[in-house]
Amino acid sequence: GGAIVVLAADDKQEMESKLMHATESSTEENHIDLLGTEVIFRSGNPLLEHELRRVSVGTARAIVVLSPPDVDPDEADSLIVRQVLALKAVLGGRGPHLVVEM
């Protein structure tokens, strides 16, 4: 059970469609079973504090920050650092576990 909120710059309907395709896949290797977990997608900029507040990062038990695909590694690292700084600003130095992909 529980809930997962995804905040990304991608289109909300596109993200929902990808998840639906994965959960309805008939092949075992591509099938995802959410085991009753609700996944909520929000389209927005994860670098902006008001967008982070909109998805209630302060109530999260954990936050995962993924490296953007198809971006130069140095630029990706820069974006990740900026996102972590935005999270720290919203959370005020306290809050959930933060896992970062670099």
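As a reminder, the structure under discussion sits directly above these lines.
Quantities reported herein were computed from a predicted structural model and do not represent experimental measurements.

This next bit is on the overall build of the protein. Counting secondary structure elements, the protein contains three helices and four strands. For the protein, the succession of helices and strands along the chain, N to C, is β-α-β-α-β-α-β. For the protein, the spread of C-alpha atoms along the three principal axes comes to 45 × 30 × 20 Å. By residue count, 24% of the 102 residues in the protein fall in the buried class. Once local pairs closer than 6 in sequence are excluded, the contacts in the protein between residues at least 24 apart make up 68%. Split by element, the accessible area of the protein, about 7,300 Å² in all, is 52% carbon and sulfur. Across the protein, the centroid of the 9 positively charged side chains sits 13 Å from that of the 17 negatively charged ones.

One non-glycine residue, Ser56, lies in positive phi territory at about 55°. Inspection of the secondary structure assignment puts Ser56 in the loop between α2 (49-54) and β3 (62-65).

For the rest of this paragraph, the subject is the pairing of strand β2 (residues 38-43). Where strand β1 (residues 3-8) lies against β2, six bridges are found, and the strand directions are parallel. Counted as the bridge partner of Val6 is Phe41 from β2. The parallel pair β1 and β2 is bridged by helix α1 (residues 12-24), and the resulting crossover is right-handed.

The next subject is the environment of Ser26. Structurally, Ser26 can be placed in the loop between α1 and β2. A relative accessible area of 76% places Ser26 in the exposed class. In this structure the C-alpha to C-alpha distance between Ser26 and Gly93, which are 67 residues apart in sequence, comes to 44 Å.

With that out of the way, let us pick up the pairing of strand β4 (residues 97-100). Two faces make up the sheet, and in a regular strand the side chains alternate between them. Direction of pairing for β3 relative to β4: parallel, over a ladder of four bridges. Its bridge partner lying in β4, Ile63 is registered against Leu98. A crossover links β3 with its parallel partner β4, the connecting element being helix α3 (residues 73-91), and its sense is right-handed.

About the thresholds
- Residues numbered from 1 in each chain as written.
- Predicted model: local features only at pLDDT ≥ 70, side-chain atom pairs only at ≥ 80, totals over all residues.
- Heavy atoms only, no water.
- Helix = DSSP H or I, 4+ residues; strand = E, 2+ residues; numbered from the N terminus.
- Buried < 20%, exposed > 50% of the residue type's maximum accessible area, 1.4 Å probe, protein only.
- Contact = heavy atoms within 4.5 Å.
- Areas by Shrake-Rupley, 256 points an atom, 1.4 Å probe, with all protein chains shown as cover.
- Lys, Arg positive; Asp, Glu negative; His and termini not counted.
- Charge placed at Lys NZ, Arg CZ, Asp CG, Glu CD.
- Pairing = 2+ DSSP bridges.
- Right-handed = clockwise from strand over helix to strand, strands pointing away.

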